[in-house]
Amino acid sequence: MSEVTVKQLAAAVGASADRLLQQMREAGLPQQAEDEPVTDQERQRLLEFLNHRQEVQGRAAPSRITLKRTSVTTLKTGQGRGGRTVQVQSKRRRTYVKATPRAEAETDAATAAAPQPGQVELEAERIRQQELARKSAEEDVRRLAARKAEEQAEKEQERERERAREEEEAEARRREDEVKKQAEAAQRAEQEKTEERSVTEAAARAQAEAQAQERGGKRAKDRTKERERPKGPEFGARRRGELSMKRRSPRMRRRMPSRISVETRGGEFERPQDAIQREVEVGEAIQVGELARRMSVKAGEVIKTLMDMGVMATINQTLDQDTASLLVEELGHKVKLVVADEVEHEHEESLRIEGEMEGRSPVVTVMGHVDHGKTSLLDHIRNSRIVAGEAGGITQHIGAYRVSTEHGDISFLDTPGHAAFTAMRARGARSTDIVILVVAGDDGVMPQTVEAVQHAKAAGVPIIVAINKMDLEGVDPARIRNELVALDVIPEELGGDTQFIEVSAQTGQGVGNLLESINLQAELLELAAARDVPGRGIVVESRLDRGRGPVATVLVQNGMLQRGDVVIAGERFGRVRLMLNERGDPVSEAGPSVPVEVLGLNGTPEAGDDFSVVADERRARELAELRATRSQEQRLAKQQAAKIENLFANLGEGEKRVLKLVLKADVRGSLEAIAQACAELGNDEVAVNLLGTGVGGITESDATLAMTYGAAIFGFNVRADTKAKSVIEREGIDLRYYSVIYELLDDIRMILQDMLAPELREEIVGTAEVRDVFRSPRFGQVAGCMVVDGAVARNKKIRVLRDNVVIFEGELESLRRFKDDVGEVRNGLECGIGVRNYNDVRVGDRIEVFESREVARAL
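Residues numbered from 1 in each chain as written. Predicted model: local features only at pLDDT ≥ 70, side-chain atom pairs only at ≥ 80, totals over all residues. Heavy atoms only, no water.

Observations regarding the state of the cysteines
Per the stated rule, a full pass over the model turns up zero disulfides. The thiol of C785 is not disulfide-bonded; the next cysteine sulfur, from C831, is found 5.4 Å away. By relative accessible area, which is 2% here, C785 ends up buried. (Disulfide = S-S within 2.5 Å. Buried < 20%, exposed > 50% of the residue type's maximum accessible area, 1.4 Å probe, protein only.)

Right under this line is the structure:
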């Protein structure tokens, strides 16, 4: 039997643990605490001690009765059908002794101390089964509580959804009631006005009638008195709302006018006047309030009519042309449709104000190939260091500068020379008077030089060629002249009209001659502009400044642009809050050929958009909305046309792989150049999809857009804010910063190349000639061959050629040399070849062994 503790033995005996410990100490046993174990020998020793003590005390052994009882109990473990039933059999024995209480207790202890086979194990099993049952009950209670908690949470969520739905419905009903109340209030006000007019007219008619009756004589007066005298008592007249002249004091009669009768209700019927029908001009978009003003109708009446038509609108909401036309006809007026071109035409007519023409300074655009010294030449003219601030030493924006020289003021536009800035150079050529074509003496005519000549000729702008880097050794100006003559740029010494000036941006050689040539060409052009007319010009560049908002660099071409003017530039408009010159100093006005930075627009206009001064902000907003609507329609039409054109072209092809990007740049011109370059990258298998573009820093919305559609974020001279960085780091979005445009484009090109499916190329590794054909009971037809080129391997693909025509393509089934299986047979050796699933090999056929390998493709 296993050991039990003193406490368990005391519980089995039915005595206290302290008493049992005292008896064990008296018997010489070492136990001192309740949790110490007791062995079978110690229990036997305790029993012998108790029996011996009874004998020593000399007491006769009392008579005793011993009862034995065996009981069987059933315990169920687990729950439900998966539970188990365990039967536990327990045996009990109790002895009754006729003796003193002390002897009875000692006898019981001695009896219990004797070893009982299986009693402790049964007691431990009973305790374990009770613990299992308790744990199972607790688990049931926990599961029931969790289920109740989930049901309670679901009920609470359902109540929240129901409450939110009721609040939304209540809010919708409240808004509808407010609109109805506004319409009813407007209708009541109109009715009250009508009633007031009718009462006033009735009073006037009554007064005229009374005067006529008074002039008609006493007889007419008597008849009038008889007719106006009340028929009933005075109290009844008051109840009916009629006027009574009875029982009035003399003072009241003197104060009242003589013989005036006013009828508050009723009177003679007057036929209403005809409603005035107006001709209302309706453009492509018009606000509800403006439409009500043109119809001379209250806005509440217009809103009510719209509600009857099923359109919910406010006074500031914009209606399209179709809805506005139906509304005007519903209210009984005539519609005069005004298309957007007419609105634009009216705007153009408002700008055609004749003024006195005055001379203006020339606008010069510097063009040429990348790194040919355009900005360095301007640096020398302006005595500044612009090129040091450009990333990579190349110009990536259009820079507008006004320079005061000894020969007069000149406005310069510095365009980029990189291949990605084609649109910038085209805009620079359209907005200029003279083009300076810079050609490096050591490089000569390059691709962007040719493109610059084409832009200048297309715009009809005279060209002045500046051969730069004349301070270097080995420069040959004659070679450059000959190359430009091939482009139809003829020098003056050869009978042409193009001036060639040799300059050096580093030493300043020939810069004075270049300025003199510019002034001479400007005098020949007789440049003039009006100053006392509304200003207009072109947007050179635009960007989103972090502290100042949208900033547009504009070049005034005609008129005066003043601070406080309302301007429209493409789809953007606003009031000019501040104007800055090229040095960053604020100015109050800008005349012709003057570039300035304008603050106050509601967004960044597109580079190259025309800008002009508008009479008021309402007209500017209308024009901007019309242009935005027209641009959106054109964009959607192009997309739809592209979808229809590509619908059948893409049938049968694999899915096109698309690189999704979110692109942000510092200025609009750079953004446009990068977007155009991305559109030109790719082929039928891969392409770039710009999910979002914009000017300014990378915001949280940009990061969310990239996260939603699995796109990467490219920033050109911009950075991400704190919230955007947290989203990017949390979601693992690919974010890259660039300051040089061709590095950005090179990365995009490399990514697209990696997205291309690899090209499979086949390489012939060996050729064998069939010399004989025989049959094998194991492999079927076997061709006896001689390897004439390369090597024949077992695991390669093969082709069977007959008369140099492929008749079968498959795999080798067996390759043997003599009777041995081999993996490879080289040139000049004989072998036996078994072709899998082909039994028509003939003498003279050639078996060609080849392998396929993947090769990365390039755009």
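Some thoughts on the pairing of strand β10 (residues 363-368)
Of all six residues in β10, six are buried, a share of seventy percent or more. When β10 meets strand β13 (residues 434-440), the two strands line up parallel, connected through five bridges. When the bridges of β13 are listed, G368 appears paired with V438. (Helix = DSSP H or I, 4+ residues; strand = E, 2+ residues; numbered from the N terminus. Pairing = 2+ DSSP bridges.)

What about the nonpolar core?
Core analysis: the largest hydrophobic core is formed by 24 residues, its most contacted members being L661, I674, F714, F716, L744, I748 and L752. Looking at this core, the elements with two or more residues in it are β26 (657-665), α19 (668-680), β27 (686-695), β28 (712-716) and α22 (741-755). For this core, the element with the most residues is α22, which contributes six residues. In this structure L661 touches V688, N689, L690, L691, G692, A711, A712, F714 and I748, once residues within four positions along its chain are discounted. Counting residues in hydrophobic clusters, the runner-up holds 23 residues, among them V366, I381, V403 and F412. (Core = buried A, V, L, I, M, F, W, Y, C linked by side-chain atoms within 4.5 Å. Contact = heavy atoms within 4.5 Å.)

Re the confidence of the model for the chain
Averaged over every residue, the pLDDT of the chain is 77; residues scoring 70 or more account for 78%. Across the chain, the element-wise mean pLDDT spans from 42 in helix α7 (residues 234-239) up to 93 in strand β20 (residues 566-569). Note on residues 384-398: pLDDT is under 50 here. Beyond four places in sequence and across chains, it has 45 contacts. Residue range residues 417-422 is modelled with pLDDT below 50. Its contacts to residues more than four positions away, or to other chains, number 25 contacts. (pLDDT = per-residue confidence, 0-100.)

Considerations on helix α10 (residues 299-308)
Looking at α10, one finds that the buried residues are G300, V302, I303, T305, L306 and M307. In the stretch just after α10, G310 is the one whose phi turns positive, near 90 degrees.

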